[in-house]
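# Coordinates in review
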Amino acid sequence: MCMLSRSELRKICMTCLYQIDILKQNNLSYDPEEILKENLSVENEFVKDIVYGVITDEKEIDEIANKYLKDWDIKRLDKTGASILRMAIYELKYMDTPSIVVINEAVELAKQYTDEELVKMINAVLDKFMKEEL
């Protein structure tokens, strides 16, 4: 069986977090384990760490995002962009991936799934967070 690259795993994280965000917005209950199983063919610690980490620390992550989103709020971003930003902030803050890798991966995901404006916003937020807090 082929191993997924970190980029592919981040795409799965984004998808899981997006689905959870939609369910929460609609006040529907969800089981993170089930969502992970639907999106992952085999259990993966990296994906679990990020998905559960973002769920657990979402309030703090959103506060960090809002601090650097000038005159904006993470809840105003589209769900895909918000998911990308949350998982990147989580990975920067709590995991030992080099910041340049995290930011680059987040920007690449954003280029694929969001618009130019959001790509710039995500890049700016992560860059400022990295420079000021890490």
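The following refers to the structure shown. Remember, predicted model here, so these are calculated numbers, not experimental data.

## Description of empty space enclosed by the protein
Evaluation of the coordinates by the stated rule reveals 2 cavities of 30 Å³ or more. As a volume, the largest cavity reaches approximately 80 Å³. Forming the boundary of the largest cavity are L17, I20, D21, K24, V54, I55, E58, S83 and R86. Taken together, the elements giving at least two residues each to the lining of the largest cavity come down to α1 (6-25), α3 (45-68) and α4 (79-94). With 4 residues, α1 is the largest single contributor of residues to the lining of the largest cavity. In terms of residue class, the lining of the largest cavity is made up of 4 nonpolar, 1 polar and 4 charged. Roughly 50 Å³ of internal volume is contained in the second largest cavity. Lining the second largest cavity, in full, are R10, I84, M87, A88, E91, V102, E105, A106 and L109. Of all the secondary structure elements, the ones that give two or more residues to the lining of the second largest cavity are α4 and α5 (99-113).

The rules behind each value
Residues numbered from 1 in each chain as written. Predicted model: local features only at pLDDT ≥ 70, side-chain atom pairs only at ≥ 80, totals over all residues. Heavy atoms only, no water. 1 Å grid on protein atoms, 1.4 Å probe; cavity = no way out; pocket = protein on both sides within 12 Å on 5 of 7 lines; lining within 4 Å. Points joined across faces, edges and corners; volume = space filled by probe spheres on them. Helix = DSSP H or I, 4+ residues; strand = E, 2+ residues; numbered from the N terminus. Nonpolar A, V, L, I, M, F, W, Y, C, P; charged D, E, K, R; others polar.

No statement about biological role is implied by the geometric values presented.
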